[in-house]
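Observations on chain architecture
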Amino acid sequence: VERAARWLLHNRRPPFDIRATIEFFSAGMDAIGAGLPKLLAGRDLAGFTERQEAFIARDVPVTLAERVAAMVPAYSAFDVVEIAAATGREIEETAEVYFDLADRLQIARLRDQITALPRDDRWNTMARAALRDDLYAAHAALARDVLMVTGPGDPEQRLAEWVARNGPAVQRATQTLTEIWQNDRFTVATLSVAVRAIRTLVAAGT
């Protein structure tokens, strides 16, 4: 709820029409919610399964366990609905590309490391939130670009086509991220560099 409220405040210029905002997002949100976890891939799918199994082990009913476990990836529905509207693509097509990117470009892994950063004081908490917001924004921009410049096909094919268009930038970003993953300790500094590497892909695509 906290993250969703912050997303709306950051991405909707106040004062905004609450009824119109609900109408804009509701159908897409419902479609994504109904499609989870089938839309997820890699780390996101593994995280969903782990959360769901943990709830079931504590005697939470299966349907409720699935719904609660899906709340983490469901947050991305805000971005997915906006991307679909901006590109004129279907919600399911947009969601498939979005979640596939999260896995193949290790965005989900980076997001998890940012989430694990300490929140022991106000400034660390704010830095952590800002980094995560920046990553989500870069992820959304990448998904939008992939949808706009590639033809119909499965997400893997579309990403391969996008990478072929932006090979040098992808190579540089991959090298930076590889060096960062070789570290055992992740800090605001190292993860900021990682997010910047993702943002260079956005600039290259644009």
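Shown above is the structure to which this text applies.
First things first, this report covers the structure right here in the doc. Predicted model only: the values in this text are computed from it and were never measured.

**A look at the overall build of the protein chain**
Within the protein chain, the regular secondary structure consists of 12 helices and 0 strands. Computed over its C-alpha atoms, the radius of gyration of the protein chain comes to 17 Å, within 12% of the 17 Å expected for a compact globule of 206 residues. Its C-alpha atoms give the protein chain principal-axis dimensions of about 45 × 40 × 40 Å. Per-residue burial over the protein chain gives 40% buried out of 206 residues. Here the protein chain has roughly 11600 Å² of accessible surface; of this, 54% comes from carbon and sulfur atoms.

**Side note on unusual backbone geometry**
In this structure, the amide linkage connecting Pro 14 to the following residue, Pro 15, adopts the cis form with an omega of -5°. Relative to the helices and strands, Pro 15 is located in the loop between α1 (2-11) and α2 (18-35). Here the residue pair Leu 36 and Pro 37 is connected by a cis peptide bond, since its omega of 5° sits within 30 degrees of zero. Inspection of the secondary structure assignment puts Pro 37 in the loop between α2 and α3 (42-57). The phi torsion at Asp 59 lies on the positive side, around 70°, for a residue other than glycine. Inspection of the secondary structure puts Asp 59 in the loop between α3 and α4 (62-69). You can call Asp 59 exposed: its relative accessible area is 71%. Not every positive phi belongs to a glycine, and Gln 106 is a case in point at roughly 60°.

**Looking at the nonpolar core**
Formed by 51 residues in total, the largest nonpolar core has its most connected members in Leu 101, Leu 110, Ile 114, Leu 142, Ile 198 and Leu 201. Residue contributions to this core peak at 10 residues, all from helix α9 (residues 122-149). Contact partners of Leu 101, with chain neighbours within four places excluded, come to Gln 106, Ile 107, His 139, Leu 142, Ala 143, Val 146 and Leu 159.

**Notes on the environment of Ala 169**
Of note, Ala 169 is situated in helix α11 (residues 167-181). The buried category is assigned to Ala 169, whose relative accessible area is 7%. When the C-alpha positions of Ala 169 and Ala 204 are compared, they lie 6.3 Å apart, and in sequence the two are 35 residues distant. For Ala 169, the residues in contact, after removing those within four places along its chain, are Leu 201 and Ala 204.

**Overview of helix α12 (residues 188-205)**
Spanning 18 residues, α12 covers 26 Å between terminal C-alpha atoms, matching the ideal 26 Å at 1.5 Å per step. The set of residues buried in α12 consists of Leu 191, Ala 194, Val 195, Ala 197, Ile 198, Leu 201, Val 202 and Gly 205. Seen from one end, α12 has its buried residues packed into an arc of 150°, which puts them on one side. Exposed side chains of α12 directed beyond 90 degrees from the buried face belong to Ala 189, Arg 196 and Ala 203. Packing partners of the buried residues in α12 comprise α8 (107-115), α9, α10 (155-165) and α11.

Calculation notes
Residues numbered from 1 in each chain as written. Predicted model: local features only at pLDDT ≥ 70, side-chain atom pairs only at ≥ 80, totals over all residues. Heavy atoms only, no water. Helix = DSSP H or I, 4+ residues; strand = E, 2+ residues; numbered from the N terminus. Rg over C-alpha atoms; globule rule 2.2 N^0.38 Å. Buried < 20%, exposed > 50% of the residue type's maximum accessible area, 1.4 Å probe, protein only. Areas by Shrake-Rupley, 256 points an atom, 1.4 Å probe, with all protein chains shown as cover. Core = buried A, V, L, I, M, F, W, Y, C linked by side-chain atoms within 4.5 Å. Contact = heavy atoms within 4.5 Å. Expected span 1.5 Å × (residues − 1). Arc of directions from axis to C-beta.

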